[in-house]
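So the chains spell out like this:
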Amino acid sequence: MAKIIAITNQKGGVGKTTTAVNLSAWLAEMGRKTLMVDLDPQGNTTSGLGRRVKENNSIYDVLMGRAHLSDCIQKTDVKKLRLVGSDIRLAGAEVELVGEERREYYLKTVLGPVRDDYEFILIDCPPSLSLLTLNALAAADSVLIPIQCEYYALEGVTSLMNTIGRVKKTMNPHLEIEGVLLTMLDGRTNLGLQVVEQVKKHFKKEVFATTIPRNVRLGEAPSHGEPIHLYDPKSTGAQAYKALAKEVIQRNRKKE
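Here is what the cut-offs are and how they apply
- Residues numbered from 1 in each chain as written.
- Predicted model: local features only at pLDDT ≥ 70, side-chain atom pairs only at ≥ 80, totals over all residues.
- Heavy atoms only, no water.
- Pairing = 2+ DSSP bridges.
- Helix = DSSP H or I, 4+ residues; strand = E, 2+ residues; numbered from the N terminus.
- Expected span 1.5 Å × (residues − 1).
- Buried < 20%, exposed > 50% of the residue type's maximum accessible area, 1.4 Å probe, protein only.
- Arc of directions from axis to C-beta.
- Contact = heavy atoms within 4.5 Å.

### Describing the pairing of strand β4 (residues 81-84)
Thinking step 1. Where strand β2 (residues 34-38) lies against β4, 4 bridges are found, and the strand directions are parallel. When the sheet's bridge partners are listed, M36 is paired in β4 with L83.
Thinking step 2. The pairing of strand β3 (residues 73-75) with β4 spans 3 bridges and is classified as antiparallel. Bridge assignment links I73 to a residue of β4, and that residue is V84.

Structure follows, in structure tokens:
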């Protein structure tokens, strides 16, 4: 049965989608059957994997009951990686679901039938604590939190942790923290290193040993519709996400 990991941070620009694309790609490259679910209406994970959605084949159509999930799963350029894509129509799901009963459990319900087909299911959440994000947290086994190595790194993380705590109490008692990922680290600056220490002090063992550096090639890869290991496998960004994938696999091996 797949481990479902929600990748979320209510702040934008922290490397959330970059992590979704490249962690899922490396997990698949390492032989793990992986499904990437793009739950962000911006659809950047979809385009970052070189794909687009058509009418009736997106996660929006699945949540609205207009399509079956199995019909919306696309192949990618990575052999064992599959994608359920999204586009701006997904923003309408917030409004359309708000009056429905058990509206927080729609994603969990549609993922249920495919859990046995994969080893990992990753969910890229929107950069907000929205109904879509609550759906992801209700469906997930764990949460991966990217935090940018900047001055206000921990700003807003308290709200996210409070939300995770409320979800555990009310919707998903088994939800855990998969790990906190430090992104966009510039190791040449004192500030970057100070933030690393600050986050490690706050989250302790929940912080991944792997940190993601600032890397021009990571920024270029999405415009080519490729994960970093296909675009520039020798780049520091590619090697960092490879190390992260190994760490995720190792952490979950311990829990088996």
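### Remarks on helix α8 (residues 190-203)
Thinking step 1. Helix length check: α8 (14 residues) gives 20 Å between terminal C-alpha atoms against 20 Å at 1.5 Å per residue, within 8%.
Thinking step 2. Inspection of α8 places G192, V195, V196, V199 and F203 among the buried residues, and these make up the whole buried set. Axial view of α8: buried residues confined to an arc of 105°, hence all on one face. In α8, the exposed positions angled more than 90 degrees off the buried face are occupied by N190, Q194, E197 and K201.
Thinking step 3. Tucked inside the fold, the buried residues of α8 contact β6 (142-148), α7 (157-170), β7 (176-185) and β8 (207-213).
Thinking step 4. The first or second residue beyond α8 is K204, which carries a positive phi of 55°.

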